[in-house]
Amino acid sequence: MKKISIIIVNGFPRKDLPDYPAEKCRLDVIQYPWIDICLRQVQRHSNSESYEVYIYDDARLESHRQIMANYPNIVDIYPQSLEEFDDGSTKNLPTALNFTISRLRDNIEYFILLDTDAFPIRDNWLDIFINLLNDGAPVVCVCRDEKAPRLKPFAHVCCLCMRKADFLKMGVWFYEEMAIAGAEFNYIATLDWLERGAKIVGLQRSNVKKYHDLMGGVYGNLVYHQAAVNRFARFRTASNEVDMEHEFLRVKLRDAIFQDLDALIEEFIPCPYNAIAQLPIPPIDIGDTHPFLLQEKHIYEIKIKLQKSQQRLQTIQAKL
(Lines give C-alpha, C1' and ligand atoms only; values in the text may rest on other atoms or scores of the structure.)
Protein backbone atom coordinates (compact mmCIF):
# COMPACT_ATOMS: atom_id res chain seq x y z
CA MET A 1 0.00 0.00 0.00
CA LYS A 2 1.38 3.40 -1.00
CA LYS A 3 2.13 5.68 1.92
CA ILE A 4 3.86 8.58 0.17
CA SER A 5 1.98 11.30 -1.66
CA ILE A 6 3.68 13.79 -3.96
CA ILE A 7 1.73 17.05 -4.20
CA ILE A 8 2.30 19.29 -7.22
CA VAL A 9 0.63 22.64 -7.91
CA ASN A 10 0.59 23.35 -11.64
CA GLY A 11 -0.11 26.93 -12.64
CA PHE A 12 1.10 30.25 -13.99
CA PRO A 13 0.42 33.97 -13.32
CA ARG A 14 -3.01 34.95 -14.63
CA LYS A 15 -2.61 38.67 -14.09
CA ASP A 16 -0.33 40.83 -16.18
CA LEU A 17 3.09 41.16 -14.56
CA PRO A 18 5.38 44.13 -15.19
CA ASP A 19 6.89 43.61 -18.65
CA TYR A 20 5.32 40.14 -18.91
CA PRO A 21 1.64 39.88 -19.98
CA ALA A 22 -0.49 37.02 -18.70
CA GLU A 23 -1.05 35.78 -22.25
CA LYS A 24 2.70 35.37 -22.71
CA CYS A 25 2.81 33.34 -19.48
CA ARG A 26 0.07 31.08 -20.85
CA LEU A 27 1.88 30.55 -24.14
CA ASP A 28 5.12 29.82 -22.28
CA VAL A 29 3.62 27.02 -20.19
CA ILE A 30 2.17 25.46 -23.31
CA GLN A 31 5.51 25.54 -25.12
CA TYR A 32 7.53 24.63 -22.03
CA PRO A 33 5.39 22.25 -19.91
CA TRP A 34 7.37 21.98 -16.68
CA ILE A 35 4.73 19.61 -15.33
CA ASP A 36 5.96 17.03 -17.85
CA ILE A 37 9.59 17.45 -16.76
CA CYS A 38 8.61 17.12 -13.10
CA LEU A 39 6.45 14.03 -13.54
CA ARG A 40 9.00 12.38 -15.82
CA GLN A 41 11.80 12.84 -13.28
CA VAL A 42 9.61 11.59 -10.44
CA GLN A 43 8.75 8.48 -12.42
CA ARG A 44 12.36 8.01 -13.50
CA HIS A 45 13.81 8.08 -9.99
CA SER A 46 11.02 6.46 -7.94
CA ASN A 47 9.73 3.00 -7.27
CA SER A 48 6.26 3.07 -8.82
CA GLU A 49 4.86 0.99 -5.96
CA SER A 50 5.86 3.47 -3.27
CA TYR A 51 4.14 6.73 -4.18
CA GLU A 52 1.10 8.43 -5.65
CA VAL A 53 0.68 11.91 -7.09
CA TYR A 54 -1.89 14.60 -6.36
CA ILE A 55 -1.99 17.61 -8.69
CA TYR A 56 -3.72 20.91 -8.10
CA ASP A 57 -4.07 22.04 -11.70
CA ASP A 58 -4.49 25.80 -11.76
CA ALA A 59 -3.02 25.95 -15.27
CA ARG A 60 -6.34 24.62 -16.66
CA LEU A 61 -4.83 23.69 -20.01
CA GLU A 62 -6.07 20.77 -22.07
CA SER A 63 -2.52 20.10 -23.31
CA HIS A 64 -1.36 19.68 -19.70
CA ARG A 65 -4.24 17.31 -18.93
CA GLN A 66 -3.10 15.18 -21.87
CA ILE A 67 0.43 15.12 -20.44
CA MET A 68 -0.85 14.10 -17.01
CA ALA A 69 -2.80 11.23 -18.56
CA ASN A 70 0.51 9.61 -19.55
CA TYR A 71 1.57 9.08 -15.94
CA PRO A 72 -0.11 6.15 -14.13
CA ASN A 73 0.66 7.14 -10.53
CA ILE A 74 -1.58 10.22 -10.55
CA VAL A 75 -4.53 9.42 -8.31
CA ASP A 76 -6.26 12.81 -8.06
CA ILE A 77 -6.30 16.03 -10.04
CA TYR A 78 -8.08 19.09 -8.66
CA PRO A 79 -10.34 20.32 -10.11
CA GLN A 80 -11.47 17.07 -11.70
CA SER A 81 -12.79 18.86 -14.78
CA LEU A 82 -11.64 22.04 -16.48
CA GLU A 83 -15.23 23.32 -16.42
CA GLU A 84 -15.04 23.72 -12.64
CA PHE A 85 -12.99 26.87 -13.25
CA ASP A 86 -15.54 28.53 -15.49
CA ASP A 87 -16.06 31.26 -12.91
CA GLY A 88 -12.51 32.45 -13.60
CA SER A 89 -11.43 31.86 -10.01
CA THR A 90 -7.87 30.97 -9.11
CA LYS A 91 -6.10 29.72 -6.03
CA ASN A 92 -2.82 31.12 -4.83
CA LEU A 93 -0.08 28.64 -4.02
CA PRO A 94 -0.59 28.51 -0.21
CA THR A 95 -4.34 27.92 -0.59
CA ALA A 96 -3.79 25.25 -3.24
CA LEU A 97 -1.30 23.43 -1.00
CA ASN A 98 -3.67 23.52 1.98
CA PHE A 99 -6.56 22.31 -0.18
CA THR A 100 -4.62 19.33 -1.53
CA ILE A 101 -3.02 18.32 1.78
CA SER A 102 -6.44 18.28 3.41
CA ARG A 103 -7.66 15.78 0.81
CA LEU A 104 -4.91 13.17 1.09
CA ARG A 105 -6.13 9.62 1.52
CA ASP A 106 -6.29 8.26 5.07
CA ASN A 107 -3.52 5.72 4.42
CA ILE A 108 -0.99 8.40 3.39
CA GLU A 109 1.75 8.67 6.00
CA TYR A 110 4.13 11.09 4.26
CA PHE A 111 3.77 13.83 1.69
CA ILE A 112 6.26 15.71 -0.46
CA LEU A 113 5.50 19.11 -1.94
CA LEU A 114 7.08 19.79 -5.33
CA ASP A 115 7.02 22.82 -7.58
CA THR A 116 6.66 21.91 -11.24
CA ASP A 117 10.19 23.25 -11.80
CA ALA A 118 11.63 21.15 -8.95
CA PHE A 119 12.36 17.46 -9.35
CA PRO A 120 14.58 14.60 -8.12
CA ILE A 121 17.87 13.87 -9.85
CA ARG A 122 18.84 10.57 -8.19
CA ASP A 123 17.31 7.21 -7.38
CA ASN A 124 15.99 6.40 -3.91
CA TRP A 125 15.24 10.06 -3.28
CA LEU A 126 12.00 9.15 -1.52
CA ASP A 127 13.82 6.77 0.82
CA ILE A 128 16.39 9.46 1.60
CA PHE A 129 13.69 11.94 2.62
CA ILE A 130 11.86 9.35 4.73
CA ASN A 131 15.08 8.26 6.47
CA LEU A 132 15.83 11.88 7.41
CA LEU A 133 12.33 12.19 8.88
CA ASN A 134 12.78 8.94 10.77
CA ASP A 135 15.96 10.35 12.30
CA GLY A 136 13.80 12.81 14.22
CA ALA A 137 13.15 15.77 11.93
CA PRO A 138 9.47 16.65 11.35
CA VAL A 139 10.44 18.76 8.30
CA VAL A 140 12.98 17.96 5.55
CA CYS A 141 13.22 20.42 2.71
CA VAL A 142 15.19 22.56 0.32
CA CYS A 143 16.98 25.22 2.36
CA ARG A 144 16.92 28.66 0.77
CA ASP A 145 19.73 30.78 2.16
CA GLU A 146 20.47 32.86 -0.93
CA LYS A 147 18.48 35.82 0.42
CA ALA A 148 20.70 36.39 3.45
CA PRO A 149 21.21 38.67 5.23
CA ARG A 150 17.70 40.07 4.57
CA LEU A 151 16.20 36.67 5.35
CA LYS A 152 17.87 33.93 7.33
CA PRO A 153 17.82 30.38 5.86
CA PHE A 154 14.29 29.00 5.56
CA ALA A 155 12.33 25.94 4.45
CA HIS A 156 11.06 26.22 0.89
CA VAL A 157 8.02 24.39 -0.44
CA CYS A 158 9.59 23.83 -3.87
CA CYS A 159 10.58 20.51 -2.27
CA LEU A 160 9.43 19.79 1.28
CA CYS A 161 8.67 16.50 3.01
CA MET A 162 6.67 15.86 6.20
CA ARG A 163 4.63 13.20 7.93
CA LYS A 164 0.98 14.06 7.47
CA ALA A 165 0.40 13.48 11.20
CA ASP A 166 3.16 15.95 12.16
CA PHE A 167 1.80 18.59 9.78
CA LEU A 168 -1.69 18.32 11.24
CA LYS A 169 -0.47 18.14 14.85
CA MET A 170 1.64 21.31 14.58
CA GLY A 171 -1.18 23.12 12.82
CA VAL A 172 1.02 25.35 10.67
CA TRP A 173 -0.94 25.87 7.46
CA PHE A 174 0.17 28.05 4.58
CA TYR A 175 -1.40 31.48 4.11
CA GLU A 176 -0.77 34.16 1.51
CA GLU A 177 -1.09 36.84 4.20
CA MET A 178 2.21 35.59 5.60
CA ALA A 179 3.90 37.31 2.65
CA ILE A 180 2.54 40.78 3.34
CA ALA A 181 5.15 41.42 6.01
CA GLY A 182 7.90 41.44 3.39
CA ALA A 183 8.80 37.76 3.69
CA GLU A 184 7.66 34.74 1.73
CA PHE A 185 4.98 32.54 3.28
CA ASN A 186 7.67 29.81 3.34
CA TYR A 187 9.72 31.96 5.70
CA ILE A 188 6.90 32.65 8.16
CA ALA A 189 5.95 28.96 8.16
CA THR A 190 9.57 28.17 9.01
CA LEU A 191 9.42 30.47 12.03
CA ASP A 192 6.13 28.89 13.12
CA TRP A 193 7.56 25.37 12.94
CA LEU A 194 10.68 26.39 14.86
CA GLU A 195 8.57 28.13 17.48
CA ARG A 196 6.79 24.80 18.04
CA GLY A 197 10.11 23.09 18.65
CA ALA A 198 10.33 21.28 15.32
CA LYS A 199 13.69 20.34 13.92
CA ILE A 200 13.96 21.37 10.26
CA VAL A 201 16.57 19.56 8.18
CA GLY A 202 17.54 21.64 5.17
CA LEU A 203 19.21 20.56 1.95
CA GLN A 204 21.72 23.24 1.07
CA ARG A 205 22.66 24.29 -2.42
CA SER A 206 25.37 21.93 -3.61
CA ASN A 207 26.26 23.25 -7.09
CA VAL A 208 29.93 23.05 -7.95
CA LYS A 209 29.13 25.49 -10.76
CA LYS A 210 26.64 28.31 -10.29
CA TYR A 211 25.15 30.50 -12.99
CA HIS A 212 22.89 32.50 -10.69
CA ASP A 213 22.23 32.99 -6.96
CA LEU A 214 18.60 31.85 -7.16
CA MET A 215 18.06 30.09 -10.48
CA GLY A 216 19.44 26.70 -11.44
CA GLY A 217 20.03 25.22 -7.99
CA VAL A 218 20.98 21.66 -7.06
CA TYR A 219 20.12 21.02 -3.39
CA GLY A 220 21.74 18.33 -1.32
CA ASN A 221 22.84 16.54 -4.51
CA LEU A 222 19.26 15.30 -4.47
CA VAL A 223 16.86 17.71 -6.19
CA TYR A 224 17.02 20.47 -8.78
CA HIS A 225 15.02 23.71 -8.64
CA GLN A 226 14.88 26.04 -11.62
CA ALA A 227 13.05 29.10 -10.14
CA ALA A 228 11.50 32.00 -12.07
CA VAL A 229 9.78 29.94 -14.74
CA ASN A 230 7.21 31.48 -17.09
CA ARG A 231 8.03 35.04 -16.06
CA PHE A 232 10.87 37.51 -16.30
CA ALA A 233 13.74 37.02 -13.88
CA ARG A 234 12.77 39.56 -11.24
CA PHE A 235 13.52 38.79 -7.60
CA ARG A 236 12.68 40.43 -4.28
CA THR A 237 16.35 40.74 -3.48
CA ALA A 238 16.92 42.86 -6.58
CA SER A 239 15.37 46.07 -7.88
CA ASN A 240 11.98 46.02 -9.57
CA GLU A 241 13.66 46.56 -12.90
CA VAL A 242 14.19 43.53 -15.07
CA ASP A 243 17.87 42.66 -15.20
CA MET A 244 18.40 41.48 -18.77
CA GLU A 245 21.47 39.48 -17.73
CA HIS A 246 19.28 37.53 -15.30
CA GLU A 247 16.63 37.12 -17.98
CA PHE A 248 19.22 35.79 -20.43
CA LEU A 249 20.29 33.18 -17.86
CA ARG A 250 16.68 32.21 -17.13
CA VAL A 251 16.03 31.47 -20.79
CA LYS A 252 19.39 29.71 -21.18
CA LEU A 253 18.69 27.38 -18.24
CA ARG A 254 15.13 26.70 -19.36
CA ASP A 255 16.19 25.82 -22.90
CA ALA A 256 18.97 23.58 -21.58
CA ILE A 257 16.55 21.65 -19.36
CA PHE A 258 14.15 20.97 -22.22
CA GLN A 259 16.94 20.08 -24.66
CA ASP A 260 19.12 17.83 -22.49
CA LEU A 261 18.35 17.76 -18.78
CA ASP A 262 21.10 15.32 -17.86
CA ALA A 263 23.77 17.38 -19.58
CA LEU A 264 22.76 20.53 -17.69
CA ILE A 265 22.74 18.76 -14.32
CA GLU A 266 26.20 17.40 -15.06
CA GLU A 267 27.42 21.01 -15.30
CA PHE A 268 26.39 21.49 -11.67
CA ILE A 269 27.72 18.29 -10.11
CA PRO A 270 31.26 16.80 -9.97
CA CYS A 271 30.36 13.53 -11.71
CA PRO A 272 28.27 12.03 -14.53
CA TYR A 273 24.50 12.09 -14.01
CA ASN A 274 24.29 8.33 -13.50
CA ALA A 275 26.83 8.56 -10.66
CA ILE A 276 24.98 11.14 -8.55
CA ALA A 277 24.10 8.47 -5.97
CA GLN A 278 27.78 8.44 -4.95
CA LEU A 279 27.64 12.07 -3.81
CA PRO A 280 27.02 12.99 -0.15
CA ILE A 281 23.84 14.67 1.07
CA PRO A 282 25.00 17.34 3.52
CA PRO A 283 21.96 18.50 5.57
CA ILE A 284 21.89 21.40 8.04
CA ASP A 285 19.65 22.17 11.01
CA ILE A 286 17.83 25.34 9.95
CA GLY A 287 16.96 26.07 13.57
CA ASP A 288 20.64 26.70 14.32
CA THR A 289 20.50 29.75 12.02
CA HIS A 290 17.71 31.47 13.98
CA PRO A 291 19.17 32.27 17.43
CA PHE A 292 16.64 35.06 18.07
CA LEU A 293 13.56 33.20 16.87
CA LEU A 294 10.93 34.66 19.21
CA GLN A 295 12.02 38.25 18.60
CA GLU A 296 12.05 37.66 14.87
CA LYS A 297 8.61 36.04 14.93
CA HIS A 298 7.22 38.91 16.99
CA ILE A 299 8.50 41.48 14.50
CA TYR A 300 6.72 39.78 11.61
CA GLU A 301 3.51 39.42 13.61
CA ILE A 302 3.54 43.18 14.21
CA LYS A 303 4.19 43.84 10.52
CA ILE A 304 1.28 41.62 9.51
CA LYS A 305 -1.08 43.37 11.95
CA LEU A 306 0.02 46.79 10.66
CA GLN A 307 -0.47 45.71 7.07
CA LYS A 308 -3.97 44.42 7.82
CA SER A 309 -4.85 47.66 9.62
CA GLN A 310 -3.69 49.68 6.61
CA GLN A 311 -5.77 47.51 4.29
CA ARG A 312 -8.88 47.98 6.44
CA LEU A 313 -8.28 51.74 6.54
CA GLN A 314 -7.97 51.86 2.75
CA THR A 315 -11.22 49.91 2.41
CA ILE A 316 -13.03 52.35 4.72
CA GLN A 317 -11.61 55.39 2.91
CA ALA A 318 -12.71 53.96 -0.43
CA LYS A 319 -16.30 53.78 0.81
CA LEU A 320 -16.36 57.38 2.06
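Below: a short report on this structure. All values derive from a computational prediction rather than experimental measurement.

Rules and cut-offs
Residues numbered from 1 in each chain as written. Predicted model: local features only at pLDDT ≥ 70, side-chain atom pairs only at ≥ 80, totals over all residues. Heavy atoms only, no water. Helix = DSSP H or I, 4+ residues; strand = E, 2+ residues; numbered from the N terminus. Buried < 20%, exposed > 50% of the residue type's maximum accessible area, 1.4 Å probe, protein only. Contact = heavy atoms within 4.5 Å. Areas by Shrake-Rupley, 256 points an atom, 1.4 Å probe, with all protein chains shown as cover. Axes fitted to C-alpha atoms, helices over the stretch in contact; angles between N-to-C directions. Parallel < 35°, antiparallel > 145°, perpendicular 65-115°, else oblique. Left-handed = near helix turned anticlockwise from the far one by under 90°. Nonpolar A, V, L, I, M, F, W, Y, C, P; charged D, E, K, R; others polar. Pairing = 2+ DSSP bridges. Core = buried A, V, L, I, M, F, W, Y, C linked by side-chain atoms within 4.5 Å.

## Let's talk about the overall build of the chain
And step 1. Along the backbone of the chain there are nine helices and 11 strands.
And step 2. A burial count over the chain gives 54% of its 320 residues as buried.
And step 3. Sequence-distant contacts in the chain: of pairs separated by 6 or more residues, those separated by 24 or more amount to 71%.
And step 4. Accessible surface for the chain amounts to roughly 14,900 Å². Of this, 50% is attributable to carbon and sulfur atoms.

## Overview of the packing of helix 2 (residues 34–44) against helix 8 (residues 244–268)
And step 1. Interaxial distance between helix 2 and helix 8 falls to 12 Å at its minimum, and their mutual angle equals 30°. By the angle between their directions, the pair helix 2 and helix 8 is classed as roughly parallel. Pair helix 2 / helix 8 crosses with left-handed handedness. Counted together, W34, I37, Q41 and R44 of helix 2 and R254, I257, F258, L261 and D262 of helix 8 form the full contact between these two elements.
And step 2. Of the residues that constitute the contact of helix 2 with helix 8, the class distribution is five nonpolar, one polar and three charged.

## Side note on unusual backbone geometry
And step 1. In this structure, N124 takes a positive phi of about 60° despite not being glycine.
And step 2. Assignment of secondary structure puts N124 in the loop between strand 5 (118–120) and helix 5 (125–134).
And step 3. Here the phi dihedral of N221 falls at roughly 50°; this positive angle occurs in a residue that is not glycine.
And step 4. Positionally, N221 belongs in the loop between strand 9 (217–219) and strand 10 (223–225).

## Digging into helix 2
And step 1. Within helix 2, eight of the 11 residues are buried, leaving the element largely enclosed by the surrounding structure.
And step 2. Listed in full, the buried residues belonging to helix 2 are W34, I35, D36, I37, C38, L39, Q41 and V42.

## So, the pairing of strand 8 (residues 200–203)
And step 1. Residues I200 and G202 point to one face of strand 8 and V201 and L203 to the other, with burial holding for every one of them.
And step 2. Sheet analysis places strand 6 (residues 139–144) next to strand 8, joined by four bridges and oriented parallel. Counted as the bridge partner of V140 is V201 from strand 8.

## A short note on the nonpolar core
And step 1. Within the largest apolar cluster, 37 residues are counted, with the highest numbers of intra-cluster contacts made by I6, I8, L39, I55, L114, W125 and F129.
And step 2. Looking at this core element by element, the count peaks at seven residues for helix 5.
And step 3. Not counting chain neighbours up to four residues away, the residues in contact with L39 comprise I8, V53, I55, M68, Y71 and I74.
And step 4. Counting residues in hydrophobic clusters, the runner-up holds 30 residues, among them V9, Y54, L160 and A189.

## Notes on the sheet that holds strand 9
And step 1. What the three strands build is an open sheet, ordered 5-10-9; its pairing is antiparallel. What marks the edges here is a single partner per strand, and that holds for strand 5 and strand 9. In this sheet, adjacent strand axes meet at a mean angle of 25° when their direction is disregarded.
And step 2. Looking at chain direction, strand 9 and strand 10 are connected through three bridges and run antiparallel. Across the sheet, residue V218 finds its bridge partner in strand 10, namely Y224.
And step 3. In the packing of helix 8 onto the sheet, the strands contacted are strand 5, strand 9 and strand 10, and the crossing angle to strand 10 comes to about 140°.

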